[in-house]
Amino acid sequence: MFTTLSTPSAPPIYGLPTGDLFEAIETLKTELNAVILAHYYQDPDIQDVADYIGDSLGLSRQAAATRADVIVFAGVHFMAETAKILNPDKQVLLPDLNAGCSLADSCPPEAFAAFKAAHPDHLVMSYINCTAAIKAMSDIICTSANAVSLVQQLPADQKIIFAPDQNLGRYVMQQTGRDLVLWQGSCIVHETFSEKKLVQLQIAHPEAEIIAHPECEAVVLRHADFIGSTTALLSYAQQSSKPEFIVVTEPGIIHQMQKQAPGKMFIPAPPTAACACNECPHMRLNTLEKLYLAMKTRQPEITLDPSLQRQALKPIQRMLEMTA
Ligand code: 13P
Ligand code: SF4
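Residues numbered from 1 in each chain as written. Chains lettered and ligands numbered in written order. Predicted model: local features only at pLDDT ≥ 70, side-chain atom pairs only at ≥ 80, totals over all residues. Heavy atoms only, no water.

### Comments concerning the nonpolar core
And step 1. Judged by nonpolar contacts, the single largest core of 101 residues is most densely connected at Ile25, Met125, Val248, Met257, Leu291 and Met295.
And step 2. Contact partners of Leu291, with chain neighbours within four places excluded, come to Ile25, Ile36, Ile46, Val49, Val72, Ala74 and Pro95.
And step 3. The next biggest cluster of nonpolar side chains, apart from the first, holds ten residues, and it includes Phe112, Cys130, Ile134 and Trp183. (Core = buried A, V, L, I, M, F, W, Y, C linked by side-chain atoms within 4.5 Å. Buried < 20%, exposed > 50% of the residue type's maximum accessible area, 1.4 Å probe, protein only. Contact = heavy atoms within 4.5 Å.)

This is how it looks when you write it as structure tokens:
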């Protein structure tokens with residue numbers, strides 16, 4: 001028996017269960033032997049139904065280790081694609097196939113191939129926020145959690161291209177003292193934070209610590225008390241003795257911060273414009289309803305050319321082997 005859900009502003013969605021959506025998803029999870037992996041930038045209700053919530057490194061590790069037959073990926077396309085690269089024989093579902101990433105889009109394969117050809121003696125380290133085609137052209141993948149450590153593990157005289165995020169690349173250069181050749185890509189969400197508004201917020205909350213993601217611009221990062229991946233920001237907020245934090249990343253993570261550090265205050269850093277553009281428009285395309293429908297219909301499914309999958313797997317495996 002199917003029903004519809006409708007609000008005055010949204011068109012009806014056909015195919016939803018008559019009963020509780022959370023229970024219906026749990027039932028499908030058992031029927032499919034599925035696992036739901038979610039990123040912290042997803043809506044709170046998606047986070048609440050997930051089996052695992054994490055940063056890109058944690059999600060990759062979970063995808064590599066899962067015994068489930070079906071991986072339901074509540075995140076963006078490059079994340080689900082990474083899960084498929086790691087699991088070519090499993091079905092990987094993404095609730096909305098249009099959930100892309102501005103950073104991945106900022107590095108088209110043809111242009112990157114030419115960039116790589118212009119630096120023939122360089123190793124290519126690519127941030128996981130890129131397409132399978134870019135991964136296939138890379139020697140090693142990194143995430144915001146391990147980029148500094150991976151560069152430090154490479155020989156001091158090794159020349160390195162870092163793509164596609166120039167802000168993370170600059171942060172890695174500053175932390176390691178290494179000179180990287182940077183692809184000039186960026187994330188529309190992390191570039192939206194206003195240094196001026198951040199400083200004003202800091203003056204209004206003098207006790208608060210500023211915690212920021214390394215995809216932010218250097219002018220914003222220089223005000224941060226702590227910089228790290230989403231999981232590292234969450235752990236820092238839990239362990240710090242401070243009761244207040246200004247969070248300079250996508251505000252979806254505040255749901256977990258409030259759950260895991262109750263009693264503390266989390267203030268989302270404001271964007272430059274008077275808009276909600278600190279919310280990732282790609283991540284937010286996924287909804288609980290779309291997640292249910294993806295499991296019910298077993299689509300949209302991530303598919304990959306087998307030879308591209310094999311090429312893209314090598315640098316991901318290298319990352320996992322080199323990460324403690
Ligand atoms: P992490 O969760 O790996 O820190 O990455 C943040 C991000 O922008 C994902 O798109
Ligand atoms: Fe891509 Fe930025 Fe959205 Fe992350 S927050 S998925 S890097 S656009």
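### Some points on the packing of helix α4 (residues 77-86) against helix α15 (residues 306-322)
In helix packing, the relevant descriptors are the interaxial angle and the interaxial distance, both defined with respect to the helix axes.
And step 1. At a minimum axis separation of 9 Å, α4 and α15 run at an interaxial angle of 95 degrees. One way to sum up the angle between α4 and α15 is to call them roughly perpendicular. Contacts between α4 and α15 involve Thr82, Lys84, Ile85 and Leu86 from the first element and Gln309, Ala312, Leu313, Ile316 and Leu320 from the second.
And step 2. Along the lines of polarity and charge, the residues of the contact of α4 with α15 split into six nonpolar, two polar and one charged. (Axes fitted to C-alpha atoms, helices over the stretch in contact; angles between N-to-C directions. Helix = DSSP H or I, 4+ residues; strand = E, 2+ residues; numbered from the N terminus. Parallel < 35°, antiparallel > 145°, perpendicular 65-115°, else oblique. Nonpolar A, V, L, I, M, F, W, Y, C, P; charged D, E, K, R; others polar.)

### Some points on the pattern of salt bridges
And step 1. Under the counting rule described, the total for this entry stands at eight salt bridges.
And step 2. A salt bridge links Asp96 to Lys290; its shortest N-O distance comes to 2.7 Å. One end of the pair, Asp96, is in the loop between β6 (91-93) and α5 (102-105); the other, Lys290, is in helix α14 (residues 288-297), with 194 residues separating them in the sequence.
And step 3. Given the relative accessible area of 11%, Asp96 is considered buried.
And step 4. The network of salt bridges with common partners includes Glu26, Lys29 and Asp51. (Salt bridge = Lys/Arg side-chain N within 4 Å of Asp/Glu carboxyl O.)

### Here's the deal with the site of ligand 1
And step 1. Around ligand 1 sit 14 residues, and of these His39, Ser56, Ser144, His213 and Thr230 come closest.
And step 2. At 2.6 Å from an oxygen atom of ligand 1 is found a side-chain nitrogen or oxygen belonging to His39.
And step 3. For ligand 1, an oxygen atom lies 3.4 Å from a polar atom in the side chain of Asn129.
And step 4. Bound to the protein, ligand 1 loses 96% of the 300 Å² it would expose on its own. (Near = heavy atom within 4 Å. Polar contact = N/O pair within 3.5 Å; in protein donor to acceptor, adjacent residues only side chain to side chain. Areas by Shrake-Rupley, 256 points an atom, 1.4 Å probe, with all protein chains shown as cover.)

Any link to function would need more than the numbers given here.
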